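Summary of structural features
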Amino acid sequence: MKKTALNEVHKDLGAKMVDYAGFEMPVQYAGVTQEHMAVREGVGVFDVSHMGQFRVSGENAETFLQKITTNDVSKVKIGQAQYSCMTNEHGGIIDDLIIYKMDNSDYMLVVNAGCLDKDWEWINKQNTEGAFIENQSENTALLAIQGPDAIKSMQALTDVNLSEIKFYNFVVGNFAGIEDVVISATGYTGSGGFEIYFAREDAAQMWEKVFEAGKEYNIVPCGLASRDTLRLEKGYCLYGNDIDETTTPLESGLGWITKLNKDFIGKEELVKQKEEGLKRKLVAFKMIDKGVPRKDYAIVDNQGNQIGQVTSGTQSPILKEGIGMGYVTIENAEPGREIFIQVRNKNLKAEVVKTPFL
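What comes next concerns the included structure.

Procedures and definitions
- Residues numbered from 1 in each chain as written.
- Predicted model: local features only at pLDDT ≥ 70, side-chain atom pairs only at ≥ 80, totals over all residues.
- Heavy atoms only, no water.
- Helix = DSSP H or I, 4+ residues; strand = E, 2+ residues; numbered from the N terminus.
- Rg over C-alpha atoms; globule rule 2.2 N^0.38 Å.
- Buried < 20%, exposed > 50% of the residue type's maximum accessible area, 1.4 Å probe, protein only.
- Contact = heavy atoms within 4.5 Å.
- Areas by Shrake-Rupley, 256 points an atom, 1.4 Å probe, with all protein chains shown as cover.
- Lys, Arg positive; Asp, Glu negative; His and termini not counted.
- Charge placed at Lys NZ, Arg CZ, Asp CG, Glu CD.
- Pairing = 2+ DSSP bridges.
- Axes fitted to C-alpha atoms, helices over the stretch in contact; angles between N-to-C directions.
- Phe/Tyr/Trp six-rings, centres within 6.5 Å; stacked < 30°, edge-to-face > 60°.
- Salt bridge = Lys/Arg side-chain N within 4 Å of Asp/Glu carboxyl O.
- Polar contact = N/O pair within 3.5 Å; in protein donor to acceptor, adjacent residues only side chain to side chain.

Right, let's get into the overall build of the chain. On a plain count of helices and strands, the chain comes out with eight helices and 20 strands. Against the compact-globule benchmark of 21 Å for 358 residues, the chain has a radius of gyration of 21 Å, which places it among compact chains. By its C-alpha atoms, the chain is 65 × 50 × 40 Å across when sized along the principal axes. Taking all 358 residues of the chain together, 58% fall into the buried category. Long-range pairs, those at least 24 residues apart, make up 65% of the contacts in the chain between residues at least 6 apart in sequence. Of the roughly 15,900 Å² of accessible surface on the chain, a fraction of 45% belongs to carbon and sulfur atoms. Both charge centroids of the chain, one from 38 positive and one from 51 negative side chains, sit 6 Å from each other.

This is how it looks when you write it as structure tokens:
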């Protein structure tokens, strides 16, 4: 398994380690609920250095990115980030990603760890525009400092006014005595905060300084398990669960990042799908009967006929009830619709709801 630069730090802190996307990663430290609540109410830190970073530059960089991603890259200004996805020729989602515009004709793409190798192969294969592409993943570390206390706990580490960085904007500056840190007002928890990108060799120093600064705010290290419960409460998709190459952006509720007024790979199939109408849709649901939905559980109607499948599910630490997402037939996708989740051969009642759950 691959290891992030902070692997030994996590083990010294007593983290439970698991194999995730080929990396040995901390799934939890003190406990999922404790870590979840720290991010919702205070501040928590995730080592997400397993994520991939590609640099795309050159005079045709924007043209190339317009072709391989669904969102409109021309709308992104220097210092802004954009959520997007890459689709294959059939409109299936190869990966979802964030594009950072570092400068004119210079972009950083942040991709999922589990998709890193196939993404790298895909973008190189599609690069007929002659863009310069560099894989910076192995040399880059990434911490997500998340929660309502993230800004005030970290402000002492930088001269950059963290409160002035707007959502999905970033600044490059000195952070914890380390130069050229990308300080980005992004995250995967819905609780505010930011993500910082820096050189791998500075990881130990960065971790130490971050926890030193956050000590008075009871900062805690957080693992992948709480990252999952946090994102699910906000209805954020997880690649490999809620989206993959068998699902399209239109089916998965990502039509808002899919600009059909520009050309990109897979557009024709998505236009056709939109014209013909969706046959299924990713929905969120809350359990009415007591039970915890899990990935791959069957979703059925009141007659017991299967109408879909759960893609993500958990017991919400905030709501204290089962929540989940899954694909259902379009006839059963309206909010308020009664559906049933098959849990251990029992059909438990649930209701389709809008996201976020909170």
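In this section: the sheet that holds strand E16 (residues 298-300). One closed barrel holds the six strands; their spatial order is E15-E18-E17-E16-E19-E20, and the pairing between them is antiparallel. Averaged over all neighbouring strand pairs, the angle between strand axes comes to 45°, with direction disregarded. Direction of pairing for strand E15 (residues 280-287) relative to strand E18 (residues 322-329): antiparallel, over a ladder of seven bridges. Within E18, the residue paired with Ala284 across the bridge is Met325. Of the strands in this sheet, strand E17 (306-315) and E18 are in contact with helix H7 (residues 224-233), which crosses E17 at around 125°.

Turning our eyes to something else, we now look at the sheet that holds strand E7 (residues 93-103). Adjacent strands of a sheet form backbone hydrogen bonds with each other and so pair up, either parallel or antiparallel. Across the sheet, which stays open at both edges, the five strands sit in the order E6-E7-E8-E5-E9 with antiparallel pairing between neighbours. Strands with a single pairing partner mark the edges of an open sheet, and in this sheet they are strand E6 (81-87) and strand E9 (132-135). Sheet twist, expressed as the mean angle between neighbouring strand axes with direction ignored, is 30°. The pairing of E7 with strand E8 (residues 106-111) spans five bridges and is antiparallel. Across the sheet, Tyr100 pairs through a bridge with Met108, a residue of E8. On top of the sheet, helix H4 (residues 116-126) reaches strand E5 (52-57), E6, E7, E8 and E9; it is set at about 165° to E9, its chief contact.

To continue, consider the packing of aromatic side chains. Within this structure, the stated rule accounts for eight aromatic pairs. Relative to Trp256, the ring of Tyr83 has its centre 5.8 Å away and its plane inclined at 35°; by these criteria the two rings are tilted. A residue pair is termed long-range when its members are at least 10 positions apart, and Tyr83 in strand E6 and Trp256 in the loop between H7 and helix H8 (267-276) qualify at 173 residues. Its relative accessible area of 54% is what places Trp256 among the exposed residues. Members of the aromatic cluster, joined through ring pairs, are Tyr100, Phe170 and Tyr197.

One can find Asp149 in the loop between strand E10 (140-146) and helix H5 (150-154). With near-sequence residues (within four places) excluded, Asp149 lies in contact with Glu41, Gly42, Val43 and Tyr217.

One pass over the structure, following the stated rule, counts 13 salt bridges. In this structure, the salt-bridge partner of Glu245 is Lys118, at a minimum N-O distance of 2.9 Å. Here the residue Glu245 occupies a position in the loop between H7 and H8, and Lys118 occupies one in helix H4, the gap between them amounting to 127 residues. A relative accessible area of 37% means that Glu245 is categorised as partly exposed. Accessibility expressed as a relative area gives 29% for Lys118, which makes it partly exposed. Here Glu251 ties to Arg280 by a salt bridge, and the two come within 3.3 Å at their closest N and O atoms. Of this pair, Glu251 sits in the loop between H7 and H8 while Arg280 sits in strand E15, and the two are 29 residues apart along the sequence. Note on Glu251: relative accessible area 8%, which makes it buried. Connected through shared salt-bridge partners, Asp228, Arg231 and Asp242 make up one network.

Before going further, it helps to spend a moment on the side chain of Ser316. Mapped onto the secondary structure, Ser316 falls in the loop between E17 and E18. Engagement of the side chain of Ser316 in a polar contact is seen with the backbone nitrogen of Leu319, the distance being 2.9 Å. Beyond its immediate chain neighbours, meaning those up to four positions away, Ser316 contacts Glu233, Glu321 and Ile323.

Most of E18 is tucked away, with seven of its eight residues classed as buried. Direction of pairing for E17 relative to E18: antiparallel, over a ladder of seven bridges. Along E18, the bridge assignment pairs Gly313 with Gly324. The hairpin formed by E17 and E18 contains six residues between the paired strands, and Lys320 there has a positive phi angle of roughly 60°.

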